[in-house]
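# Survey of secondary and tertiary structure
Chain by chain, the residues:
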Amino acid sequence: MTLPFYNYFTDGKRDENIYVSSSWPGLYIAAHERHVKAQSPQPALALSSAVYGGGMLELNRVFNIYVDKHYRCDDPPRDIAEALYEWQEQADQCAGLLTAVRLEHTSIQEYSSSAFGLLCCTTAGVSNAARAGSDRTVFDVHGKKQNRIPYIPGTINIMLWFNGQMTPGAMVNAVQTAVEAKAAALADAGIVDSENGLSATGTTTDAIVLAVRQTAADDSQPLHTYAGTATALGAAIGRLVYDTVTESLQAGLQWKERNGHSNDI
């Protein structure tokens with residue numbers, strides 16, 4: 001198991017709340033009561049679908065913030081901004097994610113080679129699993145339902161921290177590969193869209209952040225222009241995303257069985 005914060009949240013072992021990266025010098029991930037924070041000593045170029053800090057930006061922190069399943073999704077960016085203020089965190093150069101997954105089920109895995117380093121940090125819940133391309137509930141631009149099925153909280157949040165050099169095109173390619181690996185993990189776990197019973201490809205609220213260290217031009221690490229499944233980089237992304245999604249899901253299912261919950265994670 002690679003659930004580094006399991007004992008922190010379940011057994012109260014407060015000295016087990018820090019994970020130090022082996023693939024990105026100075027990068028660490030810290031667990032707190034309501035969130036998990038990844039922090040780099042220097043800003044990184046990021047591509048993000050986060051509800052707070054989305055788009056292409058420079059960042060040095062990513063927050064994965066726990067909310068319960070009754071969370072009102074009226075204004076998530078406001079809620080994240082208020083949380084950052086409460087925690088005395090700067091509001092810029094960061095991305096904020098929301099999750100209803102128990103934070104002890106945070107899965108972290110790494111890969112290092114002479115060409116690059118990679119860390120993947122994932123929380124995976126599938127209470128609102130969905131299949132892209134199928135006929136199902138949708139929301140308009142204002143967040144209003146277009147049919148009767150109510151919204152159910154749940155999400156898969158993925159952080160990828162890449163220690164190396166990557167072109168903007170390769171960053172998009174990396175996100176594509178990560179999403180393919182996530183869909184493969186859900187398929188192999190037998191996760192289905194609750195509305196139509198078809199194999200799920202994600203959930204309705206998934207988010208991903210890819211942060212790239214962009215090492216110096218004279219560094220020995222090469223410039224990556226592709227990150228598809230035929231590349232060593234894409235293969236590493238696929239393995240780490242697949243494994244962390246699978247592990248976080250399994251941890252949630254085991255928790256549900258132990259506690260007699262019948263609802264999905």
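Rules and cut-offs
- Residues numbered from 1 in each chain as written.
- Predicted model: local features only at pLDDT ≥ 70, side-chain atom pairs only at ≥ 80, totals over all residues.
- Heavy atoms only, no water.
- Helix = DSSP H or I, 4+ residues; strand = E, 2+ residues; numbered from the N terminus.
- Buried < 20%, exposed > 50% of the residue type's maximum accessible area, 1.4 Å probe, protein only.
- Contact = heavy atoms within 4.5 Å.
- Areas by Shrake-Rupley, 256 points an atom, 1.4 Å probe, with all protein chains shown as cover.
- Salt bridge = Lys/Arg side-chain N within 4 Å of Asp/Glu carboxyl O.
- Core = buried A, V, L, I, M, F, W, Y, C linked by side-chain atoms within 4.5 Å.
- Phe/Tyr/Trp six-rings, centres within 6.5 Å; stacked < 30°, edge-to-face > 60°.
- Lys NZ or Arg CZ within 6 Å of the ring centre and 35° of its normal.
- Pairing = 2+ DSSP bridges.
- Axes fitted to C-alpha atoms, helices over the stretch in contact; angles between N-to-C directions.
- Parallel < 35°, antiparallel > 145°, perpendicular 65-115°, else oblique.
- Left-handed = near helix turned anticlockwise from the far one by under 90°.
- Nonpolar A, V, L, I, M, F, W, Y, C, P; charged D, E, K, R; others polar.
- Arc of directions from axis to C-beta.

### Some thoughts on the overall build of the chain
Check the secondary structure of the chain and you find four helices and 13 strands. The burial tally for the chain puts 50% of its 265 residues in the buried class. The contacts in the chain between residues at least 6 apart in sequence include a share of 74% that link residues at least 24 apart. Summed over all atoms, the accessible surface of the chain reaches about 12,500 Å², with 51% contributed by carbon and sulfur.

### Quick notes on the pattern of salt bridges
Tallied over the full model, the rule gives six salt bridges. Its salt-bridge partner being Glu89, residue Arg61 comes within 3.2 Å of it at the nearest N-O pair. Of this pair, Arg61 sits in strand S4 (residues 55-66) while Glu89 sits in the loop between helix H2 (76-86) and strand S5 (94-99), and the two are 28 residues apart along the sequence. Among the ionic contacts, a cluster of salt bridges with common partners joins Lys37, Arg61 and Glu89.

### Focus: unusual backbone geometry
Although it is not a glycine, Gln88 adopts a positive phi angle of roughly 60 degrees. Residue class for Gln88 comes out exposed when judged on its relative accessible area of 75%.

### Notes on the nonpolar core
Membership of the largest hydrophobic core comes to 33 residues, with the highest contact counts inside it found for Leu160, Met166, Leu210, Ile237, Val241 and Val245. At the level of elements, strand S7 (117-124), strand S9 (156-163), helix H3 (168-188), strand S12 (207-212) and helix H4 (232-259) are the ones that each hand at least two residues to this core. Apart from the residues within four sequence positions on either side, Met166 is in contact with Met171, Ala174, Leu210, Val212, Gln214, Leu223, His224 and Leu233.

### Quick word on the packing of aromatic side chains
Overall, the coordinates contain five aromatic pairs when judged by the stated rule. Ring-pair connections join several aromatic residues into one group, and the members of that group are Tyr111, Phe116 and Phe162. Over the ring of Tyr8 we find Arg14, and its NZ or CZ is 4.5 Å from the ring centre. The ring centre of Tyr111 lies 5.5 Å from the NZ or CZ of Arg239, which sits over that ring.

### Topic: the pairing of S9
When a strand is regular, its side chains alternate between the sheet's two faces. Burial of S9 is extensive: eight of the eight residues sit out of reach of the surface. The side-chain alternation of S9 yields two buried faces, one formed by Ile156, Ile158, Leu160 and Phe162 and the other by Asn157, Met159, Trp161 and Asn163. Of the pairings in the sheet, the one linking S7 to S9 comprises eight bridges and is antiparallel in character. Bridge pairing links Gly117 to Asn163 in S9. Both S9 and S12 contribute to a ladder of six bridges, which runs parallel. Each bridged residue has a counterpart across the sheet, and for Met159 the counterpart in S12 is Val209.

### Describing the packing of H3 against H4
Close contact between H3 and H4 brings their axes to 8 Å; oriented N to C, the two are set at 40 degrees. The angle between H3 and H4 falls in the class oblique. With respect to the hand of their crossing, H3 and H4 are arranged in right-handed fashion. Here Ala174, Thr177, Ala178, Ala181, Lys182, Ala184, Ala185, Leu186 and Asp188 of H3 come into contact with H4, specifically with Gly234, Ile237, Gly238, Val241, Tyr242, Val245, Thr246 and Leu249. The class makeup of the residues in the contact of H3 with H4 is 11 nonpolar, four polar and two charged.

### Side note on H2
Every buried residue of H2 is listed here: Pro76, Asp79, Ile80, Ala83 and Leu84. Along H2, the residues classed as buried sweep out an arc of 140 degrees about the axis, all on the same side. At the C-terminal side of H2, Gln88 shows a positive phi close to 60 degrees.

### Brief notes about the pairing of S4
Bridge analysis of strand S3 (residues 35-48) against S4 gives 10 bridges, and the strand direction is antiparallel. In the sheet register, Ala44 faces S4, and the bridge partner there is Leu59. In this structure, the hairpin formed by S3 and S4 is closed by a connection of six residues, where Gly53 is found at a positive phi of approximately 85 degrees. As judged from the six bridges shared by S4 and S5, these two strands associate in the parallel manner. Across the sheet, Asn64 pairs through a bridge with Leu97, a residue of S5.

### A closer look at the environment of Ser112
By the secondary structure assignment, Ser112 is in strand S6 (residues 107-112). Judged by relative accessible area, which is 43%, Ser112 ranks as partly exposed. Between the alpha carbons of Ser112 and Ala236 there is a distance of 9.2 Å; along the sequence they are 124 residues apart. Not counting residues within four places of it along the chain, the set of residues in contact with Ser112 comprises Ser22, Ser23 and Gly117.

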